[in-house]
Amino acid sequence: MNRSSDGFYPAYEGESSNVSGVSWGAIFAGAAAAAALSLILVLLGFGLGFSAVSPWAGEGVSAKGLGISTIIWLAATQIIASGLGGYIAGRLRVKWANMHGDEVYFRDTAHGFLSWCVATLVTATLVVGSVSSIVSGGVQAGASVVGGAAGAMTQAAGTAAGNTDSDQYGYFVDSLFRDDRPAAVSDDAARGTVTRIFAQSLANGQLSAEDRTYLAQLVAQRTNLTQADAERRVDEIYARTQKAIADAKVKAQQAADTAAKVAAWTSLWMFIALLAGAFFASLSATFGGRRRDAVEYVEVETYTTTTLPPVR
């Protein structure tokens, strides 16, 4: 449909100026198409990403390459799906009567934007729900590993002493039965006592002189070392344990810092990709609306029935 010289679209028969300028049917149709295509493309991206990742060193795509490809795929998904949804919304909307061309352009843009909004909400509900379940499973698994590593010494102490994991006062109970010359006990009981002393000392940040002497007596009793050599061994092992814990904390902090940076960059690029989707949805809607208005209805004349000559 062409505009007149004054920029207005001519009126259509049966149209009223009181009719709402929003074609919700067209908007929901475009949103449904965009959401479905987004879901398909996202699932395809997940499949390609999982197939490109390998647990073996030197094989598969690197973490950086996977991140870049994910961003590119997300942007392409938004552009393609949102563009399709906006075009459908613009092409299926109704025609407006006595409407200036600028107003038609604005309404087409609004239809594309609204279809993108609805499609984004639907896709977020579907995709984020699935992704959050996967991520929460991974987080719970990681928390279980961390919690298991953190409570390994306490659990070992409880097992060695024949107690449950809820025995939080084993260190203090052991202190009641200490002797200047510790009696011979089983290896499991000795390990449990040493583990509880180490756990309590590492939590406090230092090994007390009393605990150091007692540990050296236990070591000397089982290794035939002198008291001085046993104390040096205790100091060495305790220092190595402290270093291992400090290294683990540093690695955990580095991992948390890396995860925070990745989350920040991911959010930023998702924001950019969503903006690109909104832009292409609005632009495609204007194109679809123009194609819709360019359609001309041709009245088909009724064919008259003619009498054919008889066949001889």
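Note that the structure is a prediction, hence the values are computed from the model and not measured.

Draft legend 1. Looking closely at the nonpolar core. Counting residues in hydrophobic clusters, the biggest one holds 12 residues: Ile 197, Phe 198, Leu 202, Leu 207, Tyr 214, Leu 215, Ala 216, Leu 218, Ala 220, Ala 230, Val 234 and Tyr 238. Going through the elements one at a time, α6 (187-204), α7 (209-223) and α8 (227-293) are the ones with two or more residues in this core. Counting residues per element, this core draws most heavily on α7, at five residues. Among residues more than four places away in sequence, those in contact with Ala 230 are Ala 216, Val 219, Ala 220 and Leu 225.

Draft legend 2. Spatial organisation of the packing of helix α2 (residues 63-92) against α8. The geometry of α2 relative to α8 is characterised by a closest axis approach of 6 Å and an angle of 25° between their N-to-C directions. One finds that α2 runs roughly parallel with respect to α8. Of the two possible hands of crossing, α2 and α8 adopt the one that is right-handed. Taken together, the residues of the contact of α2 with α8 break down into 14 nonpolar, nine polar and three charged.

Draft legend 3. View of the pattern of salt bridges. Enumeration according to the criterion identifies eight salt bridges in this entry. For Arg 232, the salt bridge goes to Asp 229, with nearest N and O atoms at 1.9 Å. Of this pair, Arg 232 and Asp 229 are both found in helix α8, three residues apart, which corresponds to roughly one turn of the helix. Look at the salt bridges and you will find they share partners, linking Arg 93, Asp 108 and Asp 293 into a network.

Draft legend 4. Structural detail: α7. Taking 1.5 Å of rise per residue, 15 residues should cover 21 Å, and α7 covers 21 Å from first to last C-alpha, within 8% of that figure. Taken residue by residue, α7 has Asp 211, Tyr 214, Leu 215, Ala 216, Gln 217, Leu 218 and Ala 220 as its buried positions. Directly after α7, the chain includes Asn 224, whose backbone phi takes a positive value near 60°.

Scoring rules and cut-offs
- Residues numbered from 1 in each chain as written.
- Predicted model: local features only at pLDDT ≥ 70, side-chain atom pairs only at ≥ 80, totals over all residues.
- Heavy atoms only, no water.
- Core = buried A, V, L, I, M, F, W, Y, C linked by side-chain atoms within 4.5 Å.
- Buried < 20%, exposed > 50% of the residue type's maximum accessible area, 1.4 Å probe, protein only.
- Helix = DSSP H or I, 4+ residues; strand = E, 2+ residues; numbered from the N terminus.
- Contact = heavy atoms within 4.5 Å.
- Axes fitted to C-alpha atoms, helices over the stretch in contact; angles between N-to-C directions.
- Parallel < 35°, antiparallel > 145°, perpendicular 65-115°, else oblique.
- Left-handed = near helix turned anticlockwise from the far one by under 90°.
- Nonpolar A, V, L, I, M, F, W, Y, C, P; charged D, E, K, R; others polar.
- Salt bridge = Lys/Arg side-chain N within 4 Å of Asp/Glu carboxyl O.
- Expected span 1.5 Å × (residues − 1).

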